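Results of the structural survey
Read off the chains here:
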Amino acid sequence: MNNKTFEMFSERVWLSTPTMHGEEWKYMEEAYKTNWMSTVGENLNEVERITAEKIGCKYAVALSAGTAALHLCMKLAGVRPGDRVFCSDMTFSATVNPVVYEGGVPVFIDTEYDTWNMDPAALEKAFELYPDVKVVVIAHLYGTPGKIDEIRAVCDKYGAKIVEDAAESFGAAYKGKQTGTFGDFSVISFNGNKIITGSSGGMFLTDSLEDADKVRKWSTQSRENAPWYHHEEIGYNYRMSNLIAGVVRGQLPYLEEHIAQKKMIYERYKEGFKGLPVSMNPIDFEKSTPNYWLSSMIIDPEAMCRQVRGEQEALYIPEYGKSCPTEILEILAKYNAEGRPIWKPMHMQPMYRMNAFVTREGDGRAKTNAYIFGGSVGTDGKPLDVGMDIFHRGLCLPSDNKMPAEVQDKVIEMIRSCFE
Ligand SMILES: *Cc1c(COP(=O)(O)O)cnc(C)c1O
């Protein structure tokens, strides 16, 4: 419970904003001056070449957004109307919506506590319920790779393909290999708040020339090789602009620097929270090197004051020695700093309330979620599933590359005051 007052931050402390370096401008200007102001040009060629090299895949196809790339992945994976698709549950909605664009039906798989990603044990359970599922969509939350080996083993056992949403994890590695190489179809994003940005944009990543060619063709309205506009397939206007590619091109050399800055922010929080009943978002350091895109924290269950979240608003009861995400986010906002709740799990979203959701300890039946609305805990006071629990107790912290250490120290002090 917070009883202290602080000085306002004179400049807003952001969650994560673009960090520009100057070269972006040079490449945009080059595109302008040479009049390559459409969806072809040197910037596009270069960002595709450099990204494929950084990731360690053969081909990268630059698209207008990560979401567009995910959509084309669903087409490549053969998602058809009515097909069930297993999906990460605690993630941004853009991981999942492209399944629905193709008429597929997302089935949500609960989260594990070790990396906050898809739980392989829950995935196995889901295959026992629905052995015919052929596509699994996994995300690497906040730049931390999930349990890739275990998930791959389950998918191989059931002959399912993986769509890897590495939108948040560009530059992160698992067992020395970059994320973006683990899916049968993989995606990164250059959205404005990602670790490398084009202001918008995304990429499809693959080792298959055939798949790369298909994505290139679909993304440019599926024009066939004929003297006139000839179409055998439905197309999309999903290609990245050469101007946007100029921004990405200027950013790419700074990936490692951005990761180092984000890592320092994570470690400073970790150090600053010593002695508090909280932990940082968990990382399996033996297997993975994250990109530390967003630092997050979770409050120990015993140190949670009572907090209830409805559809649109939250209430809590302040208590000495305890706190909750709502209180911390309120304090940060009061002094001009931006935090954010953890991604609200997809199975808790009204638009997906009738979709199945599978936990590792389920009763052997997939639940639909209509009954979950109205609270974060069951009648026994325990969280109903892992995703809901992390959402209830966790939050994302200001993680902007450009945040000065003194400012972060004040953020830490504010958070510490909430546990007094
Ligand atoms: C940002 C993000 C996307 C979407 O990327 P856009 O480029 O904004 O379309 C997809 N999945 C996850 C997990 C994301 O964080």
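How each quantity is defined
Residues numbered from 1 in each chain as written. Predicted model: local features only at pLDDT ≥ 70, side-chain atom pairs only at ≥ 80, totals over all residues. Heavy atoms only, no water. Helix = DSSP H or I, 4+ residues; strand = E, 2+ residues; numbered from the N terminus. UniProt positions renumbered as here; feature names shortened; annotations may be inferred. Contact = heavy atoms within 4.5 Å. Salt bridge = Lys/Arg side-chain N within 4 Å of Asp/Glu carboxyl O. Buried < 20%, exposed > 50% of the residue type's maximum accessible area, 1.4 Å probe, protein only. Arc of directions from axis to C-beta. Near = heavy atom within 4 Å. Polar contact = N/O pair within 3.5 Å; in protein donor to acceptor, adjacent residues only side chain to side chain. Areas by Shrake-Rupley, 256 points an atom, 1.4 Å probe, with all protein chains shown as cover. Core = buried A, V, L, I, M, F, W, Y, C linked by side-chain atoms within 4.5 Å. Domains from an automatic or database assignment. Phe/Tyr/Trp six-rings, centres within 6.5 Å; stacked < 30°, edge-to-face > 60°. Pairing = 2+ DSSP bridges. Axes fitted to C-alpha atoms, helices over the stretch in contact; angles between N-to-C directions.

Bringing unusual backbone geometry into the picture now. The residue Lys175 is not glycine, and still its phi comes out positive at about 50°. Among the secondary structure elements, Lys175 is positioned in the loop between strand S6 (173-174) and strand S7 (177-178). One non-glycine residue with positive phi stands out, namely Asn336, at about 80°. Note on placement: Asn336 falls in the loop between helix H10 (325-334) and strand S15 (340-341).

Next up on the list: the UniProt feature "modified residue: N6-(pyridoxal phosphate)lysine" (unreviewed entry) in the chain. In this numbering, the UniProt entry assigns the feature "modified residue: N6-(pyridoxal phosphate)lysine" (unreviewed entry) to Lys194. Considering the arrangement of structural elements, one finds Lys194 in the loop between strand S8 (185-189) and strand S9 (202-206). Excluding its chain neighbours within four sequence positions, the residues that come into contact with Lys194 are Ala167, Glu168, Ser189 and Trp293.

The next subject is the pattern of salt bridges. Side chains carrying opposite charge are able to pair once their charged atoms draw close together. Enumeration according to the criterion identifies 21 salt bridges in this entry. With a closest N to O distance of 2.6 Å, Glu224 and Lys217 form a salt bridge. Since its relative accessible area comes to 17%, Glu224 is described here as buried. The salt bridge involving Lys217 is made with Glu233; its shortest N-O contact spans 2.9 Å. With Lys217 in helix H7 (residues 209-219) and Glu233 in the loop between H7 and helix H8 (242-251), this residue pair connects regions lying 16 residues apart in the sequence. In this structure Lys217 comes out as partly exposed when scored by relative accessible area, which is 24%.

Glu24, Tyr27 and Ala31 are the residues of helix H1 (residues 23-33) that are buried. Buried residues along H1 cover an arc of 75° about the axis, so they all sit on one side. Exposed residues on H1 whose side chains face more than 90 degrees from its buried face are Trp25, Tyr32 and Lys33. Looking at the buried side of H1, the elements it contacts are helix H2 (42-55) and H8.

Attention now goes to the site of the ligand. The ligand sits among 15 residues. The nearest are Thr67, Asp165, Glu168, Ser189 and Lys194. Between the ligand and the protein, one listed contact pairs an oxygen atom with a side-chain N or O atom of Asn191 at 2.8 Å. In isolation the ligand exposes 380 Å². Once the protein is present, 94% of that is buried. Ranked by residues supplied to the shell around the ligand, first place goes to helix H3 (residues 66-76) with 3 residues.

Ranked by internal contacts, the top residues of the largest apolar core, which has 72 residues, are Phe170, Tyr269, Phe273, Met297, Ile328, Ile415 and Phe419. Structurally, this core is a two-domain feature, drawing no fewer than three residues from each of domain 1 (23-254) and domain 2 (255-354 + 368-417). Excluding residues within four positions of it along the chain, Met297 makes contact with Trp116, Phe273, Val278, Ser279, Met280, Asn281, Ile328, Arg393, Gly394, Leu395, Leu397 and Ile415.

Let us now look at the packing of aromatic side chains. Counted under the stated rule, the structure contains 13 aromatic pairs. Judged by centre distance (6.1 Å) and plane angle (80°), the ring pair of Phe170 and Phe190 falls under edge-to-face. Note that Phe170 is positioned in the loop between strand S5 (161-165) and S6 and Phe190 in the loop between S8 and S9, a separation of 20 residues in sequence. When the ring of Tyr269 is compared with that of Phe273, the centres are 5.6 Å apart and the planes differ by 25°; the resulting orientation is stacked.

We now examine the sheet that holds strand S10 (residues 278-280). A sheet is described by the order of its strands in space; here 4 strands give the open sequence S10-S12-S17-S15, paired in antiparallel fashion. At either margin of the open sheet sits one strand with a lone partner, and together these are S10 and S15. The sheet contact formed by S15 and strand S17 (residues 394-396) spans 2 bridges and is antiparallel. Residue Pro341 lies in a different strand from S17, and its bridge partner there is Leu395. In this fold H10 packs onto strand S12 (296-299), S15 and S17, with an angle of close to 25° to the strand it touches most, S17.

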